[in-house]
Amino acid sequence: MTTSVLSIRNLSVEIPTRTGIVKPVDGVSYDIEAGEILGIVGESGAGKSMAGNAVIGLLSPPAHIAAGEIWLNGARIDHLTGDAMRRLRGKEIGMVFQDPLTSLNPLLTIGDQLTETMLTHLPISKSEAEQRAVAALDEVGIPGAARRIGSYPHEFSGGMRQRVVIALALCAEPSLIIADEPTTALDVSVQAQIIALLKRLCRDRGTAVMLITHDMGVIAEAADRVAVMYAGRLAELGTVRDVLTRPRHPYTHGLMASTPLASQGKARLHQIQGAMPRLDAVPEGCAFHPRCDYAQDKCRRSPAPRITDGHAAEAACWFPLMREEVS
């Protein structure tokens, strides 16, 4: 169907509640190519992590995929469950969570966890797995990897634990990495190191990366393309340069204007008025229209056409901003 490593088509996730069905992900489409980092950005509750969990099969019931398709290396995977999805995790898809302690077993050494993962997914011997475990730690920048292979998670700093988690996600040689807020709990200097590590590994291995974050600075530094999400929908999609310097959706423009970099020394940062709607109270039409300075009657009646082309900068907006409006 596609040469992309990951292809998401009109994906919708639903959660039944006592008051009705809510959609944390609503008709989302994008692709990620080999060696590419796609940044997924938006406020808390925008649906970023839910989309990632749908890809890797970690939706917590009653949440479920209600519509759309997910393709990995040309094979459809959204229908997989149980053992079939567990075989896919680790081998084809690696996951890097925000808190590395949730990914690491505190009772096992780092070496045991790496070798167990490789023995589960790769046709190699235990001795070869142990050698690869040391090489994996060395590749992600753990000093004295051969000596630290027998250490436990609590013996590492937060930044070193995150490096271990990245090594764990990569050790079975997956084609896709989903990194969910991988730098949020880290110091700024350590954040820069982790971003540089992800970029290098992506370049050297040709791994596709879905980088989920709320930090526009991380997107600007790490991603090749960016998808902006709002209330479960895709607001804008395009190259980092196009989206961050010439945003066409008013929400993206508001996000950029609220960052110190875009304020250009002004006394006050721009503020988007209001808050993202609750999932059970998403307004009709464009979900952003109650907070939008450019909203018209058409925006209140029906949502703008959804983005389906993953190779051009487009905005799901009836009245996209022109370059002179955002300069």
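Preceding this section is the structure that the text describes.
Residues numbered from 1 in each chain as written. Predicted model: local features only at pLDDT ≥ 70, side-chain atom pairs only at ≥ 80, totals over all residues. Heavy atoms only, no water.

Participant: Talk me through the sheet that holds strand β10 (residues 233-239); I want residue IDs and the actual numbers.
Facilitator: For sheets, the rule is that strands pair by backbone hydrogen bonds, running either parallel or antiparallel. Spatial strand order, β6-β7-β8-β3-β9-β10-β11: seven strands in an open sheet with mixed pairing. Both outer strands of the open sheet, β6 (93-96) and β11 (314-315), are each paired with one neighbouring strand and no more. The pairing of strand β3 (residues 37-41) with strand β8 (residues 208-213) spans five bridges and is classified as parallel. In the strand pairing of β8, I37 is matched with V209. Seen against the sheet, helix α1 (residues 48-56) touches β3, β6, β7 (176-180), β8 and β9 (225-230) and runs at an angle of roughly 145° to β8. With respect to the sheet, helix α6 (residues 158-170) is in contact with β6 and β7, its orientation differing from that of β6 by roughly 170°. (Pairing = 2+ DSSP bridges. Helix = DSSP H or I, 4+ residues; strand = E, 2+ residues; numbered from the N terminus. Contact = heavy atoms within 4.5 Å. Axes fitted to C-alpha atoms, helices over the stretch in contact; angles between N-to-C directions.)

Participant: Hey, could you go over helix α3 (residues 110-121) for me, with residue numbers and the actual values?
Facilitator: Here α3 contains 12 residues, and its C-alpha end-to-end distance of 17 Å stays within 8% of the 16 Å for a straight helix at 1.5 Å per residue. When α3 is considered as a whole, its buried residues turn out to be I110, G111, Q113, L114, T115, T117, M118 and H121. The inward-facing, buried residues of α3 contact α2 (82-91), α4 (126-139) and α6. (Expected span 1.5 Å × (residues − 1). Buried < 20%, exposed > 50% of the residue type's maximum accessible area, 1.4 Å probe, protein only.)

Participant: Lay out the packing of aromatic side chains in plain terms, naming residues and giving numbers.
Facilitator: Any pair of aromatic rings gets described here by the distance separating the centres and the angle formed by the planes. A complete count under the given rule lists three aromatic pairs for this structure. An aromatic cluster is defined as three or more aromatic residues linked by ring pairs; in this entry it consists of Y230, Y251 and F288. (Phe/Tyr/Trp six-rings, centres within 6.5 Å; stacked < 30°, edge-to-face > 60°.)

Participant: Talk me through the pattern of salt bridges; I want residue IDs and the actual numbers.
Facilitator: In this structure the tally under the stated criterion is 16 salt bridges. One salt bridge connects R76 with D78, and the closest N-O pair in it is separated by 2.7 Å. The partner of R132 in a salt bridge is E173, with the nearest N and O atoms 3.4 Å apart. Separated by 41 residues along the polypeptide, R132 in helix α4 and E173 in the loop between α6 and β7 bring together distant segments of the chain. With a relative accessible area of 48%, E173 lands in the partly exposed category. A single salt-bridge network, built from bridges that share partners, covers E69, R76 and D78. (Salt bridge = Lys/Arg side-chain N within 4 Å of Asp/Glu carboxyl O.)

Participant: With reference to specific residues and values, describe the environment of A185.
Facilitator: Of note, A185 is situated in the loop between β7 and α7 (188-205). Residues A185 and A169, 16 residues apart in the sequence, show an inter-C-alpha distance of 18 Å.

Participant: Hey, could you go over the packing of α3 against α4 for me, with residue numbers and the actual values?
Facilitator: With their axes 9 Å apart at the nearest point, α3 and α4 run at an angle of 120° to one another. In terms of orientation, α3 lies oblique with respect to α4. Helix-helix and strand crossings are classified by hand; for α3 and α4 the assignment is right-handed. In this structure, α3 uses I110, L114, T115, M118 and L119 to contact α4, whose residues at the interface are K126, A129, E130, R132, A133 and L137. Looking at the contact of α3 with α4 residue by residue, the classes come out as seven nonpolar, one polar and three charged. (Parallel < 35°, antiparallel > 145°, perpendicular 65-115°, else oblique. Left-handed = near helix turned anticlockwise from the far one by under 90°. Nonpolar A, V, L, I, M, F, W, Y, C, P; charged D, E, K, R; others polar.)

Participant: Mind laying out the pairing of β8, listing which residues take part and the relevant values?
Facilitator: Across the six residues that make up β8, a large majority, six, are buried. As judged from the five bridges shared by β7 and β8, these two strands associate in the parallel manner. Residue pairing in the sheet places I178 in a bridge with M210 of β8. Regarding the hand of the β-α-β motif, the stretch spanning β7, α7 and β8 is right-handed. (Right-handed = clockwise from strand over helix to strand, strands pointing away.)

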